[in-house]
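Close look at the chain arrangement
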Amino acid sequence: MASKEENEGWQTTRKTLTDRVEFLLNNSLMSDVSFVVRNASGEEESLAAHKFVLAVSSPVFYAMFYGELAERKNKIVLPDCDSESFLEFLRFLYSDKVDLSGRCVMQISYLAKKYIVPELETKCTNFLKENLSPENVFDILPLAKKFDEAELVVRCWEVVDRSTQVALQSETFPSITKELLAEVVKRDDLRIHEIELFQAVDRWATAECERKDLEPIKDSKRIVTGEEILSNIRFPLMSQDQFAEKVPCSGLLSKDEIIDLFMSFNGVSVSSLKFVKRPRRLISPRAFSRCKLHTEDSYWWCHSDSRNNTLVFSVDSPVLIGGVRLFGSQGMAYGVLLKLYSIACERDEGAPALYSVDRAFMTDEEERNGYYGFDVVFDHLIPLQDNVQYEICAEITGPNLRYDSSELGMVDCNGIHFRSRSQTNDTIENRGQFAEILFHKY
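Residues numbered from 1 in each chain as written. Predicted model: local features only at pLDDT ≥ 70, side-chain atom pairs only at ≥ 80, totals over all residues. Heavy atoms only, no water.

Our working rule: UniProt positions are given in the numbering used here, feature names are shortened, and annotations may be inferred rather than shown by experiment.
As annotated in an unreviewed UniProt entry, the protein chain carries the name BTB/POZ domain-containing protein 6 and is attributed to Acropora cervicornis. What UniProt states about the protein chain under its Subcellular location (unreviewed entry) heading is, verbatim, "Cytoplasm". The UniProt entry for the protein chain carries the following text under Pathway (unreviewed entry): "Protein modification; protein ubiquitination."

The structure is reproduced here in structure tokens:
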């Protein structure tokens, strides 16, 4: 706010009308209304304003100050915004300028809607589109939910799903509400390993204890986190080593829960195990290039006995493989035990797999490229060398299967040449369950 000395002769030192009006921003000079808002510390703060300037920029303010039911009070209390955001809102009304940040943009957007200032609302929308990031998504998401910005809420969740690890390492994440944390841990599309999600929740629990003036020890962390959040951390998806190193010492699980999980890791069926086992989709299938291994007019066979399938393939340039797509029957579920090996001429039976996955998959309800299928997406990318043979073995359980009988053998996919052959357990080559290879180029 300008001092008395600064107010003297101000008209002559500012050459344009814009400069002179901007000088009046939060200035008691000629002010005929003030707004009471709270600052970051929760203390009340009064911002000086001028009814004429506000009314020129907003039809709502015009109705408030000059309409038939004009507001007669000269002090207006605003409980629904903070002083930083309201001052930036006023700045735009006085100067057509605004300093937007991830911290205040949603509040300013709300004010722009409330007082019908469409140009400012557009600026806020454009800022969010250009600046929404994993680092600030948990600043913006709670406000988008608060102000019912449905499209922005969807955009925020897309950022969380796409860049989960970075979002959960942001400065804001430990301060989100318990309700929002519960939404996060339930999401199937998070691209993060379960042990890293657990560590993020543990950091949140420590911060929540501090906010409640509690010692961040076992019982306190368990209480502030709650059963819903913990039951949706998918402990069974961790490796036993990861679990043993990070989880028991955190104090978030009980002794009985820890024992049950160790038993489960060692192949013992535990009926009391309450944790979600459904894998998350760590990498979106949409992110991959796809090498189709079959022709469009393939001849389909139905069978129920040929459940062991092998795909032998090679590439002429290094790539990263992220999964495969298998043929299936519409809307049917299949259990798949899949292993990827590197082979020279003939794989040694004792050779370790480069990657393995063992879980259930659901076939799509709609056809794609003329067939029904499902993606088996790896939880991390596997580098493949050029001119080395690889073998993918799949043991499939479930309803009747369908396979392709006219495999292409050699395929050019985005400049990468794939050479492949399939074989079922009835020894017939060039037919099988493998429809596509999902990959990234280096």
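Alright, that's what it looks like, and here's the rest.
Let's talk about the overall build of the protein chain
Operational definition: Here a helix means four or more residues in a row that DSSP labels H or I, a strand means two or more in a row labelled E, and each is numbered from the N terminus. Contact between two residues is taken to exist if any of their heavy atoms lie within 4.5 Å; hydrogens are not considered. Surface accessibility follows the Shrake-Rupley procedure with a 1.4 Å probe radius. Residue values consider only the protein chains on display as shielding.
Secondary structure summary: the protein chain contains 17 helices and 15 strands in total. Long-range pairs, those at least 24 residues apart, make up 72% of the contacts in the protein chain between residues at least 6 apart in sequence. Of the roughly 22,500 Å² that the protein chain leaves accessible, carbon and sulfur atoms contribute 49%.

Some points on the pairing of strand S15 (residues 434-441)
Defined as follows: Partly exposed describes any residue whose relative accessible area lies between the buried limit of under 20% and the exposed limit of over 50%, with all areas from a 1.4 Å probe on protein chains only and scaled to the type maximum. Note on pairing: DSSP must find at least two bridges between two strands before they are called paired.
Across the eight residues of S15, six count as buried, placing the element largely inside the fold. Bridge count for strand S4 (residues 289-292) against S15 is four bridges, and the pairing is antiparallel. Looking across to S15, one finds that Arg290 is bridged to Leu438. When strand S7 (residues 319-327) meets S15, the two strands line up antiparallel, connected through seven bridges.

Considering the side chain of Ser58
Just so we agree on the cut-off: Throughout this description, a polar contact denotes any pair of N or O atoms lying within 3.5 Å of each other; where both atoms belong to protein, one of them has to be capable of donating a hydrogen while the other can accept it, and for residues adjacent in sequence the pair is counted only when both atoms sit in side chains.
By the secondary structure assignment, Ser58 is in the loop between helix H4 (51-57) and helix H5 (59-66). From its side chain, Ser58 meets the backbone nitrogen of Val60 in a polar contact 3.2 Å long. Only 3.1 Å separates the side chain of Ser58 from the backbone nitrogen of Phe61, close enough to count as a polar contact. Other than its neighbours up to four places away in sequence, Ser58 contacts Tyr115, Ile116 and Val117.

What to know about a nonpolar patch on the surface
Defined as follows: Patches were defined on residues exceeding 30% relative accessible area and lacking a salt bridge, with like-charge contacts within 9 Å and nonpolar side-chain contacts (Val, Leu, Ile, Met, Phe, Trp, Tyr) within 5 Å. Salt bridges are defined as contacts in which a side-chain nitrogen from Lys or Arg sits within 4 Å of a carboxyl oxygen from Asp or Glu.
A contiguous nonpolar patch, built from Phe52, Val56, Tyr62 and Tyr66 and spanning about 480 Å² of accessible area, is present on the exposed surface. For the nonpolar patch, the secondary-structure elements that each account for two or more residues are H4 and H5. Taking relative accessible area as the criterion, Val56 reaches 58% and is therefore assigned exposed.

Here we look at the sheet that holds strand S1 (residues 33-38)
Formally: For every element, the axis is a line fit to its C-alpha atoms; helices are fit only across the contacting stretch, and the angle between N-to-C directions ranges from 0 to 180 degrees.
One open sheet holds the three strands; their spatial order is S2-S1-S3, and the pairing between them is mixed. One side of each edge strand has no neighbouring strand; the edge strands of this open sheet are strand S2 (44-49) and strand S3 (75-82). Recorded for the sheet is a direction-independent mean angle of 30° between the axes of neighbouring strands. In the sheet, S1 pairs with S3 via four bridges, with the strands oriented parallel. When the bridges of S3 are listed, Ser34 appears paired with Lys75.

Concerning the nonpolar core
The condition is simple: Residues belong to a common nonpolar core when they are buried Ala, Val, Leu, Ile, Met, Phe, Trp, Tyr or Cys residues joined through side-chain atoms within 4.5 Å.
Phe35, Leu54, Phe86, Phe89, Phe138 and Phe235 are the most contacted members of the largest nonpolar core, which has 83 residues in total. Ranked by size, the runner-up nonpolar core spans 32 residues in total, among them Phe313, Val319, Tyr334 and Phe434.

A word on the packing of aromatic side chains
For clarity, the threshold we go by: Between the rings of Phe, Tyr and Trp (Trp by its six-membered ring), a pair exists once the centres lie within 6.5 Å; its type follows the angle of the planes, with under 30 degrees stacked, over 60 edge-to-face, and the other angles tilted.
If you walk through the whole model with that rule in mind, you get 23 aromatic pairs. Joined through ring pairs, the aromatic side chains of Phe35, Phe61, Phe65, Phe86, Phe89 and Tyr115 make up one cluster.

A short note on the packing of helix H9 (residues 137-146) against helix H12 (residues 178-186)
In plain terms, the rule: Orientation labels follow simple angle bins: below 35 degrees gives roughly parallel, above 145 gives roughly antiparallel, 65 to 115 gives roughly perpendicular, and whatever is left gives oblique. Throughout this entry, Asp, Glu, Lys and Arg are counted as charged residues, while Ala, Val, Leu, Ile, Met, Phe, Trp, Tyr, Cys and Pro are counted as nonpolar. The remaining residues, Gly among them, count as polar.
Taken N-terminus to C-terminus, the directions of H9 and H12 make an angle of 105°; their axes are 12 Å apart at the nearest point. For the element pair H9 / H12, the angle class is roughly perpendicular. Judged by residue contacts, Phe138, Leu141, Pro142 and Lys145 of H9 engage Leu180, Glu183 and Val184 from H12. Looking at the contact of H9 with H12, its residues break down into five nonpolar, no polar and two charged.

Notes on the sheet that holds strand S10 (residues 373-384)
Hydrogen bonds along the backbone pair up the strands of a sheet, which may run parallel or antiparallel. Taken together, four strands build an open sheet; the order of strands is S4-S15-S7-S10 and the sheet is antiparallel. Every interior strand has two partners, whereas the edge strands, S4 and S10, have only one. Recorded for the sheet is a direction-independent mean angle of 25° between the axes of neighbouring strands.

Quick word on helix H14 (residues 218-225)
Listed as buried for H14 are Ser220, Lys221, Arg222, Val224 and Thr225. Contacts made by the buried residues of H14 are with H12, helix H13 (194-211), helix H15 (227-231) and helix H17 (255-265).

Considerations on the pattern of salt bridges
Using the criterion set out here, one finds 24 salt bridges in the structure. Its salt-bridge partner being Glu227, residue Lys274 comes within 3.1 Å of it at the nearest N-O pair. With a gap of 47 residues between them, Lys274 in the loop between H17 and S4 and Glu227 in helix H15 connect regions that are remote in the sequence. The partly exposed category is assigned to Lys274, whose relative accessible area is 41%. Judged by relative accessible area, Glu227 falls into the partly exposed class, the value being 42%. Through salt bridges that share partners, Arg290, Arg325, Asp364, Arg368, Asp375 and Glu436 make up one connected network.

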